[in-house]
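Structure assessment
Each chain is listed here by its residues.
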Amino acid sequence: GVKLQWNLFGTYGINVVDAWTLAAGMGAPGGRGAVVAVLDSGVAYERRGRYRRAPDLRRKTFVYPWDFIQRDSHPNDVYGHGTHVAGTIAQTTNNRIGTAGIAYNAKIMPLRVLDAHGEGDSAAIARAIRYAVRYHADVINLSLEFPPEVRASEIPDVVSALHYANRRGVVVTAAAGNQTDIAVAYPARVS
């Protein structure tokens, strides 16, 4: 249960119980009404061919899926990372399966921008950011980063798309890194 998920509560956690209480008090229990675009390696969101939906993600959770690698409407996860991210956000809660989703009533817009090796290019990422804005995402989640040596001038399409999202009032979250690097890499570094 939630008690085993130290990252959700306590001294070093995100105080998810307080957040759930505040959201419910504002008429949006579990983030109901919010759309989070997950730009990643895809999501295990449908049963199709060899793919299966993750057992703790409801079918009705997903809206406007698109694969910017294969250029079709089936952004199934071929790497695993995107499903993990989507689950952290929106897994069903209190069902004794997997973990608790932070925003368990939010909608997920699965947008595949990374390939089977977890790699992608700036053009696909920029197109996906603009797509998410056009389809009314409230939040764009970018749990990805470019190598630390990449400069803004090398990814102008991504920088421009992020500024567009900001102007349209979309909240953008991006990975600040898993290493102990001093500098934050792009896209999180875009201001």
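Structure: see above.
Residues numbered from 1 in each chain as written. Predicted model: local features only at pLDDT ≥ 70, side-chain atom pairs only at ≥ 80, totals over all residues. Heavy atoms only, no water.

**Points about helix 2 (residues 81-90)**
In terms of burial, helix 2 is largely enclosed, as seven of its ten residues are buried. G82, T83, V85, A86, G87, I89 and A90 are the residues of helix 2 that are buried. Of the surrounding secondary structure, the elements contacted by the buried residues of helix 2 are strand 1 (35-40), strand 3 (107-112) and strand 4 (139-142). (Buried < 20%, exposed > 50% of the residue type's maximum accessible area, 1.4 Å probe, protein only. Helix = DSSP H or I, 4+ residues; strand = E, 2+ residues; numbered from the N terminus. Contact = heavy atoms within 4.5 Å.)

**Here we look at unusual backbone geometry**
Peptide bonds are mostly trans, and most non-glycine residues show a negative phi. Of note, the bond from Y186 into P187 is cis; its omega dihedral lies within 30 degrees of zero at 10 degrees. Relative to the elements of secondary structure, P187 occurs in the segment after strand 5 (171-174). At Y64, a position not held by glycine, the phi torsion is positive, near 45 degrees. A relative accessible area of 44% places Y64 in the partly exposed class. Phi at H136 takes a positive value of approximately 65 degrees, unusual for a residue other than glycine. By the secondary structure assignment, H136 is in the loop between helix 3 (122-134) and strand 4. Take H136: its relative accessible area is 58%, and that puts it in the exposed class.

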